[in-house]
Amino acid sequence: KKIVECGVIDERDYDSNTATASEESGSTSSPEKIQQRNGDSANRDWTFYNGDLNEYYNKLERDEHAKRNPNKITSYAVHRWMGPKGSTLVHYELVRGAIHELILGKVPPPPLGDDNAAASNALPSSNEKKLRVFDAGCGLGAGLMWFEQHEPAWDLVGHTISEEQHKWIAEDLPRHDFRAKLRTYDKPLGDNDEEESPFHAVYSIEAAIHSPDLRSSLRSWSRALRPGGVIIVIDDFLNVGVSADDPDVELFKSSWIANSVHTTVEIATWAEQEMDMVLVRDRDLGSEYRIIQRNYRNKKPELRDEQGRVHQGWLGSKVRQRLMVDGKISYRLIALQKKGTDPSKDDIDSVVTTMEQSQSCSSVPSVEQFGAGSENPSTLSITIDPILMSGKG
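It should be emphasised that the depicted structure is a prediction, and the values quoted were computed from it without experimental measurement. (Residues numbered from 1 in each chain as written. Predicted model: local features only at pLDDT ≥ 70, side-chain atom pairs only at ≥ 80, totals over all residues. Heavy atoms only, no water.)

(A) Geometry of the environment of Trp256. Residue position: Trp256 is located in helix 9 (residues 247-256). Owing to a relative accessible area of 12%, Trp256 belongs among the buried residues under this scheme. Along the backbone, Trp256 and Trp314 are 58 residues apart, and their C-alpha atoms lie at a distance of 8.3 Å. Those residues in contact with Trp256 that lie beyond four places of it in its chain are Tyr56, Ile209, His210, Gln312, Gly313, Gly316, Ser317 and Arg320. (Helix = DSSP H or I, 4+ residues; strand = E, 2+ residues; numbered from the N terminus. Buried < 20%, exposed > 50% of the residue type's maximum accessible area, 1.4 Å probe, protein only. Contact = heavy atoms within 4.5 Å.)

(B) Region of interest: the packing of helix 5 (residues 90-104) against helix 6 (residues 142-150). Where helix 5 meets helix 6, the closest approach of the two axes is 10 Å, and the angle between their N-to-C directions is 60°. Between helix 5 and helix 6, the angle is such that the two are oblique. Here helix 5 and helix 6 pass one another in a crossing that is right-handed. Residues Tyr92, Glu93, Val95 and Arg96 of helix 5 lie in contact with helix 6, whose contacting residues are Ala142, Gly143, Trp146, Phe147 and His150. Here the contact of helix 5 with helix 6 is built from residues that sort into five nonpolar, two polar and two charged. (Axes fitted to C-alpha atoms, helices over the stretch in contact; angles between N-to-C directions. Parallel < 35°, antiparallel > 145°, perpendicular 65-115°, else oblique. Left-handed = near helix turned anticlockwise from the far one by under 90°. Nonpolar A, V, L, I, M, F, W, Y, C, P; charged D, E, K, R; others polar.)

(C) Geometry of the pairing of strand 3 (residues 179-182). Bridging between strand 2 (residues 155-160) and strand 3 involves four bridges; their strand directions are parallel. Across the sheet, residue Val157 finds its bridge partner in strand 3, namely Arg179. The β-α-β motif built from strand 2, the intervening helix 7 (residues 163-171) and the parallel element strand 3 has right-handed crossover chirality. (Pairing = 2+ DSSP bridges. Right-handed = clockwise from strand over helix to strand, strands pointing away.)

(D) Here's a closer look at the pattern of salt bridges. One pass over the full model with this rule turns up 24 salt bridges. We note a salt bridge from Asp155 to Arg132, for which the minimum N-O separation is 2.4 Å. Residue Asp155 is found in strand 2, and its partner Arg132 is found in strand 1 (residues 132-136); the two are separated by 23 residues along the sequence. Relative accessible area serves as the criterion here: at 7%, Arg132 is assigned to the buried category. (Salt bridge = Lys/Arg side-chain N within 4 Å of Asp/Glu carboxyl O.)

(E) How the structure looks around the packing of aromatic side chains. For the structure shown, the criterion picks out 10 aromatic pairs. Ring centres 5.2 Å apart and planes at 90° place the aromatic pair Trp146 and Phe147 in the edge-to-face group. Judged by its relative accessible area of 2%, Trp146 is buried. Residue Phe147 is classed as buried on the basis of its relative accessible area of 0%. When the centroid spacing of 5.3 Å and the interplanar angle of 80° are considered together, the rings of Tyr185 and Trp221 count as edge-to-face. Pair noted here: Tyr185 is in the loop between strand 3 and strand 4 (199-205) and Trp221 is in helix 8 (residues 214-223), with a separation of 36 residues, a long-range link. Pair check on accessibility: Tyr185 and Trp221 agree, each one buried. Each member of the aromatic cluster is reached from another via a ring pair, and the members are Tyr92, Trp146, Phe147, Trp154 and Tyr203. The ring of Tyr331 is capped by Arg80, whose NZ or CZ atom sits 4.2 Å from the centre of that ring. Sitting above the plane of the Trp314 ring, Arg309 keeps its charged end 3.6 Å from the centroid. (Phe/Tyr/Trp six-rings, centres within 6.5 Å; stacked < 30°, edge-to-face > 60°. Lys NZ or Arg CZ within 6 Å of the ring centre and 35° of its normal.)

(F) Structural view of the pairing of strand 5 (residues 225-238). Counting buried positions over the 14 residues of strand 5 gives 13, a clear majority of the element. Pairing analysis gives six bridges linking strand 4 to strand 5, with the strands arranged parallel. Each bridged residue has a counterpart across the sheet, and for Ala201 the counterpart in strand 5 is Val230. Alignment of strand 5 against strand 7 (residues 329-338), held across nine bridges, turns out to be antiparallel. If you follow Val233 over to strand 7, its bridge partner there is Ile334.

(G) Main features of helix 4 (residues 53-64). Its 12 residues place the ends of helix 4 17 Å apart at the C-alpha level, agreeing with the 16 Å of an ideal helix rising 1.5 Å per residue. Of all the positions in helix 4, only Leu53, Asn54, Tyr56, Asn58, Leu60, Glu61 and Glu64 are classed as buried. Contacts from the buried residues of helix 4 go to helix 7, helix 9 and helix 13 (312-325). The opening residue of helix 4 is Asp52, an N-cap whose side-chain oxygen sits 3.1 Å from the backbone nitrogen of Asn54. (Expected span 1.5 Å × (residues − 1). Polar contact = N/O pair within 3.5 Å; in protein donor to acceptor, adjacent residues only side chain to side chain.)

Shape is all these values report; function is a separate question.
Here it is in structure tokens:
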């Protein structure tokens, strides 16, 4: 019945007697069994993978492999595009900005906007303090490659459970220093939580939603962090007040393999009560980048694919669009920060200090330049005069 309500099949194609019998026998009328009975199967027959995320992404990669260019990151950064230029690299700039702000206490330089640009605006040099960063659900390695180009001092590790994605990284991508492993992102430090040293940051772009248990995944990521470390997630979140049992939401879960559709309020509660973490950022990217207007033209799509594609992911993308236009989900960036102080923070602070000194303007003298005996004062004398204001105008 939910499939009829969502418009995947017409009501005349729904046999209520058969459905009732199926329900009584313990089975349900799942999207995997949807078949068009009156022709036009390209519009209504979708291929489902029974929740097998590995095969879901393997088949997508096999279908789209010919379109990839290993020397052009945008060809394999398969995220929702954002902004007036339709970029799929904005996500990495947002993650990088959050890491700089929350870990280094510094705003990053403006983006270069070039796939193959030199990393001239990265951290100073390889002998400075390295940040360890984990990509939870690294896909085809686009994020890892982008960060390696823009932040060469960072130690980058990513996990994917797709064999085809891992094969692309290992065999097709240019030489790189980051490490991509074929394993679940729920074990960022290895099977025994001992193979890797803790991370300064964990980020996940459009991958956390696939977790069978996001609460458990977040706990795993939190345990893998140093004190003061951050988890940054860019994904779709349920809006407050929307039922997780909504028929459209249920179809989204099934077609997108969106096992974890939660509100940011739920996540903030888990973080504070169970992980000793605090929600420090919650940005509505859908509003900031006007996704409904720019990407979707304020329209809800029909649940069919005009190009004849039948992979369930294409159905999921259309249901996601409908949910977003209807205001049931939103596309957001959230950041959780672990309480405590990283013992190595002094080293990171020294990197920031070095950066600040190297970027300071020589035409503006600092107080330290004026020593004893200088005709300039060694301290600044500032007078602040309070003025009572009316508050009007």
